[in-house]
Structure formats: structure tokens, C-alpha cells
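Next come the chains, spelled out residue by residue.
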Amino acid sequence: MKRILAIMLSLLTIAAIFALPMNAADPAVIADGLVIHYDGANNTGAGQDMKTTVWKDVSGNNHDFTIAIDDYIKWTDNALHVDGAMFSFPDKALEVVNGAAWTVELTLGQIELLGSSYDTFIYSDNDNFSIFRRTNNDSIEFKGHDAKAERVVIPDGYNLMNQSTVTVTYTLGGMVRIYVDGQMMGEMPQNGKAMEADTLSLGHIDMKRIWNGDIHSIRFYDRELSALEVALNAEVDAIKYNIGKFAPETTAAPETTAAPETQAPETTAAPETQAPETQAPETQAPETQAPETQAPTTNAPATEKVEEQKGCGGFVAGSVAIIAILGTALIVKKRD
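All figures in this text were calculated on a predicted structure; none of them were measured in a lab.

Let's talk about the pattern of salt bridges
For the structure shown, the criterion picks out 14 salt bridges. Here aspartate 39 makes a salt bridge to lysine 240, at a shortest N to O gap of 2.5 Å. Of this pair, aspartate 39 sits in strand 1 (residues 34-39) while lysine 240 sits in helix 4 (residues 227-241), and the two are 201 residues apart along the sequence. Looking at aspartate 39, the relative accessible area reads 1%, which means it is buried. With a shortest N-O distance of 2.5 Å, aspartate 127 and lysine 143 are connected by a salt bridge. Here the residue aspartate 127 occupies a position in the loop between strand 8 (118-123) and strand 9 (130-134), and lysine 143 occupies one in strand 10 (residues 139-143), the gap between them amounting to 16 residues. We classify aspartate 127 as partly exposed; its relative accessible area is 30%. When salt bridges with common partners are traced through the structure, they connect Asp32, Arg223 and Glu229 into a single cluster.

This is the structure we're talking about:
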């Protein structure tokens, strides 16, 4: 009977892990509200095809993206490389950005900004939607329905956009926010006007607005992601595509944060058990000083945000796993 209970606890742990909501093609990316996801490292949904002209929507919603492949537009192992190109998104993407709330995430690799006036990344023909960099002051901007309305302006645009995940979140009558690699760079109240974009395109062919570079990923959500969710997605991109300025710190942070907890008992006990024999405080110095050296990383806001976000998905599975382990240990102890 005890053995049967132990097996049941193990099965419960496995079931909890598989019950978590996730994107089938990329389990680490936030799945709730994900309408479209183009992955530059998995352009067919079943691997990478260097000759495909269809960029598969790996969200499972089948909003595929048709592109033309030539000497200037080509696939790499983990990106679509474009050279002054423009493509029209499927109608569903336009529907999303004309909705009451949305999130657009664009993950870029190495880019070369060539526009004499702007570098336009995603835009509509009627200029009611535009994510771009202004060249004269090197700023990232998002322009909505009212071109004359005050907008979020982020300085140091080229450095921030190069090899980064840029996220714009929007709620009608709420806030517009711009994030880079999971860090919120600026926000502003939305002016209350619906977007009413007429088209939606990636890139530009006007010499005043062109740019070259690698596109690793594009995601459209039909809701505003929280800051924690944005940070988690940015960390996923940083690890997967080897990019990012802020998110990589969050990857190492869990180990740094955990270190004082796991080492503390040994450090505390060291004077009692080791002092009479070794009398070597200098030998122990690297271990006791390590937490101080890593303090800036453990205090990073992005780290705390990502840890909290990971808790949203992993807490359930983690808790069940711990219960399973404790339950199994109790059964074994009683059996002994």
C-alpha cells in the first residue's frame, strides 16, 4: 500500500508539470493571450528550412507569414535576415493592434540602421501605428492614432534596439509602455483614441526609413502583458538567441540568490567545527564574501520580476514536487 501511495505522489508531480499553460512550440514563452508567434529558429514549426517562403505561426493559430527569399532576404540558423525589405503581416495582426489591449514584441539581432530620417520596424500605411527609431536624436518611439499627441520617447535608441527584445504594451484609455529586454524604459497615458490602423507591415523600403539586420522573433498578444511577463519573455529570448542587455543577469540571479541560503549553515558552523583545527579564516573568505560580490545582481529589479513571474507558472509544479518528495520520505520512514 505504501509503495502504491509513493507511485501516486510521483504521478501527481508529473501531471502538475504538464498541466501548466505553455506555448507548445516554445514552452518558456507566455502563452496566455498569444495570438501570433514567429520564431526565427523554428520557421516551419518543425525545424529550420533555409528555403521556405512561409514563416510559420508557432502559436498554433496558423496565422502564417509569407515572405520572399533572395540574396537580400534569407534565413540564418536562428533568424530572418532582411536588407531594406518590407512585408505585410496577416490580417490577424492588424486586428490585434486595433483591439482594446495588446502587446507586440520584436526580438532583433545585429542590426544596421540606415534610414536618413527614421528606422521603421513595424508600421501602418495611414501612420496610425508605428514602432520606429528617430535618427536625429537616436530615440525609440511608438506613434499611435494621433500623430501630434505626446508620446513615449526613449533615448539611446540604436544601442537599446541592437540585439534586444523591444516590447510595446497598450491598453485603450490606459497606458502605453515601452520595454527593452524586460526593463520598462518609459510609459505614458494613452490618449483614449482607438488605433484604427489600415495595414500592418514589417520593415520599410523607403531610403529614409530602411534598416538591415536579423529578426529572431515577433509576437502579438491580444492583451497587455504585465511587467513580470515581459521580463520572463525577454529572458527566454536572451537565452535562446544569445542577445540582450538586461535579461542575461536574471538568468544567473537565481543561483546567486540561493547561494547565501545554501552556504549559510556551513559558514555559521565553520567557527565551531573547524576553528580549533584549521584556524584559517582566510581560507573561508571566498565563500563568505561571495554574496557581497554578487549583491548588485541579486538586487536587480529585473531579477525579482522574473523570479516572481516564474513563480506564476512554476510555483504549482514546484510545490507539488516538494509535497511528493516529503510524502515519499514520510512513507519510507514509516516503512522503516
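The structure having been displayed, the exposition proceeds.
Considerations on the sheet that holds strand 11 (residues 153-154)
Read from one edge of the open sheet, six strands run 6-15-8-9-10-11, paired in antiparallel fashion. Pairing within the sheet leaves two strands with one partner each, and these edge strands are strand 6 (86-88) and strand 11. Direction of pairing for strand 6 relative to strand 15 (residues 201-203): antiparallel, over a ladder of three bridges. Within strand 15, the residue paired with phenylalanine 87 across the bridge is leucine 202.

Topic: the confidence of the model for the protein chain
Averaged over every residue, the pLDDT of the protein chain is 76; residues scoring 70 or more account for 65%. Of the regions scoring below 50 in pLDDT, residues 5-21 engages in 18 contacts with residues more than four places distant in sequence or in other chains. Low pLDDT (under 50) marks residues 247-336, which in the prediction has 67 contacts with non-local residues, meaning those over four places away or in another chain.

With respect to the nonpolar core
Grouped together as the largest cluster of nonpolar side chains are 48 residues, with contacts concentrated most on Phe89, Trp102, Phe129 and Phe220. In terms of residue count, strand 7 (residues 101-113) provides more of this core than any other element does, six residues in total. Residues within four places of phenylalanine 89 in sequence aside, it is in contact with Tyr38, Phe65, Ile122, Leu200, Ser201, Leu202, Ile218 and Phe220. Among the nonpolar cores identified, the runner-up in size contains nine residues, and Val29, Leu34, Tyr221 and Leu232 belong to it.

The rules behind each value
Residues numbered from 1 in each chain as written. Predicted model: local features only at pLDDT ≥ 70, side-chain atom pairs only at ≥ 80, totals over all residues. Heavy atoms only, no water. Salt bridge = Lys/Arg side-chain N within 4 Å of Asp/Glu carboxyl O. Helix = DSSP H or I, 4+ residues; strand = E, 2+ residues; numbered from the N terminus. Buried < 20%, exposed > 50% of the residue type's maximum accessible area, 1.4 Å probe, protein only. Pairing = 2+ DSSP bridges. pLDDT = per-residue confidence, 0-100. Contact = heavy atoms within 4.5 Å. Core = buried A, V, L, I, M, F, W, Y, C linked by side-chain atoms within 4.5 Å.

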